[in-house]
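# A look at the structure
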Amino acid sequence: MCRLLGYLGEPILLDAILYKPEHSLIVQSYEPREMTSGLLNADGFGIGWYHPHLETDPFTYKNVQPIWSDINLPSISRYVESRCAIGYVRSATSGQAVDLSNCQPFQNDRLLFVHNGFVKNFRQTLYRPIRDRLSDTLYQSINGTTDSEHIFGLFVNELTAGNLTVQAALQKSLKILAELANFHQVEFSANIIISDGHQLVASRFASQKTPPSLYWLRDDLNCPNSVIIASEPLFAGNWHSCPVQSIISTGVERDIEIYPIL
């Protein structure tokens, strides 16, 4: 199980959310508190962020090393400032390659996507059914082998084909995933954070078990005028557990909206 992080708010240096909190994403990589499988998140990491003033495509930094051993990230995170950033540390599903093609966040134009979860026996179950639903362009754009990237492809397919909002496209994609999983009698979970630089849209969802942990926090003294969504609380504060089988979204006004998926 991976650990996820999303930030939207006042411009901050990345180290304010990656390193400084007592239970930062760095700490969660080697000492997670609420993982339901695995002990460490040592199979790589990725950070994505948006320019604080310009409408450009996002930037990403990825590595297949454990995040705690990367010698460049501490300096980068003390230099890069952003109003919106997402990140993850990876605990690879057994059998999945630890390489950059499988490293999140995945990107499509201005969209960034991170996923914590799995599709059980993905190659033998939902690999082909998901690919069969994709446009040729999206089919060809998948470079890795993970269930995560295929779920992202399904999301982008629904977003573009239906001219939907991010929230509506994620909801539809997860409904399709649930239908496919039910038909093929396979277990999956899909905690997801998506951003376009102006909003965070996240899900806490699973087919047969309680989904992995996911929390949100707004306007805390440690990070005023902001919203944080994270797999585990970064520091003591008024964190709220995201409801199971739900989508949570927030925009530039930092209003929190929660929608049932099914």
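Residues numbered from 1 in each chain as written. Predicted model: local features only at pLDDT ≥ 70, side-chain atom pairs only at ≥ 80, totals over all residues. Heavy atoms only, no water.

## Considering the sheet that holds strand β6 (residues 111–119)
The criterion, for reference: The pairing criterion for strands is at least two bridges between them, as found by DSSP. Strands are runs of DSSP state E lasting at least two residues, helices are runs of H or I lasting at least four, and both sets are numbered from the N terminus onward. The convention used is that axes are lines fitted to C-alpha atoms, helices contributing only their stretch in contact, and that angles between N-to-C directions extend from 0 to 180 degrees. Should any heavy atoms of two residues lie within 4.5 Å, those residues are considered in contact.
One open sheet accounts for 6 strands, arranged β5-β6-β7-β8-β12-β13; its pairing is antiparallel. Pairing within the sheet leaves two strands with one partner each, and these edge strands are β5 (106–108) and β13 (256–260). Put simply, the sheet's adjacent strands are angled 20° from each other on average, direction ignored. When strand β8 (residues 200–204) meets strand β12 (residues 246–250), the two strands line up antiparallel, connected through 5 bridges. Bridged to Ser203 within β12 is Ile247. Each of β5, β6 and β7 (188–195) is contacted by helix α6 (residues 147–162), which is oriented at about 130° to β6, the strand it contacts most. Along the sheet face, helix α7 (residues 166–184) touches β6, β7, β8, β12 and β13 and points at about 165° away from the line of β7.

## Concerning the sheet that holds strand β9 (residues 215–220)
In space, the 7 strands of this open sheet follow the order β3-β2-β4-β1-β10-β9-β11, with antiparallel pairing throughout. Each end of this open sheet is capped by a strand with a single partner; those strands are β3 (59–63) and β11 (240–241). Where strand β2 (residues 45–49) meets β3, 5 bridges bridge the pair, whose relative direction is antiparallel. Of the residues in β3, the one forming a bridge with Gly48 is Thr60.

## Some words on the UniProt feature "domain: Glutamine amidotransferase type-2" (unreviewed entry) in the chain
Test applied: UniProt positions are given in the numbering used here, feature names are shortened, and annotations may be inferred rather than shown by experiment.
The positions UniProt marks with the feature "domain: Glutamine amidotransferase type-2" (unreviewed entry) are residues 2–262. Strand forms 31% of residues 2–262 and helix 23%; the C-alpha atoms that close the span are 24 Å apart.

## Remarks on the nonpolar core
How we decide: Definition used in this section: a nonpolar core is a set of buried Ala, Val, Leu, Ile, Met, Phe, Trp, Tyr and Cys residues joined via side-chain atoms within 4.5 Å. Between buried and exposed lies partly exposed: a residue is buried under 20% and exposed over 50% of the maximum accessible area for its type, with that area taken using a 1.4 Å probe on protein chains only.
The biggest cluster of nonpolar side chains holds 35 residues, and the ones touching the most others in it are Leu126, Phe155, Leu170, Leu174, Phe188, Ile192 and Ile194. Within the residue set of this core, elements represented by two or more residues are β6, α4 (127–131), α6, α7 and β7. With 9 residues, the single largest contributor to this core is α7. The contacts of Phe155, once residues within four sequence positions are left out, are Leu111, Val166, Ala169, Leu170, Ser173 and Ile194. Judged by nonpolar contacts, the second largest core, of 25 residues, contains Ile12, Tyr61, Cys223 and Leu234.

## Let's talk about a nonpolar patch on the surface
Our working rule: Grouping into patches uses exposed residues only, defined as over 30% relative accessible area, and leaves out salt-bridged ones; the cut-off is 9 Å for like charges and 5 Å for nonpolar side chains (Val, Leu, Ile, Met, Phe, Trp, Tyr). Note that accessible areas follow from Shrake-Rupley with a 1.4 Å probe, and for residues the cover is restricted to the protein chains shown. Salt bridges are identified by distance alone: a Lys or Arg side-chain nitrogen within 4 Å of an Asp or Glu carboxyl oxygen.
Taken together, Tyr30, Leu39, Leu40 and Trp68 make up a surface patch of nonpolar side chains, about 450 Å² in accessible area. Note on placement: Leu39 falls in the loop between α2 (25–30) and β2.

## Things to note about the packing of aromatic side chains
The relation between two aromatic rings is expressed through the spacing of the ring centres and the mutual angle of the planes. Put simply, the rule is: Pairing of aromatic rings covers Phe, Tyr and the six-membered ring of Trp, with a centre-to-centre limit of 6.5 Å; geometry is then stacked below 30 degrees between planes, edge-to-face above 60, and tilted otherwise. Throughout this description, the term charge over a ring refers to an Arg CZ or Lys NZ atom that lies within 6 Å of the ring centre and within 35 degrees of the ring normal.
This structure, assessed with the given rule, holds 9 aromatic pairs. When the ring of Phe152 is compared with that of Phe155, the centres are 6.3 Å apart and the planes differ by 20°; the resulting orientation is stacked. Separated by 3 residues within a single helix, Phe152 and Phe155 lie in helix α6, roughly one turn from each other. In this arrangement the basic side chain of Arg123 is found over the ring face of Tyr127, its NZ or CZ atom lying 4.1 Å from the centre. It is Arg131 that lies over the ring of Tyr139; its NZ or CZ is 4.1 Å from the centre.

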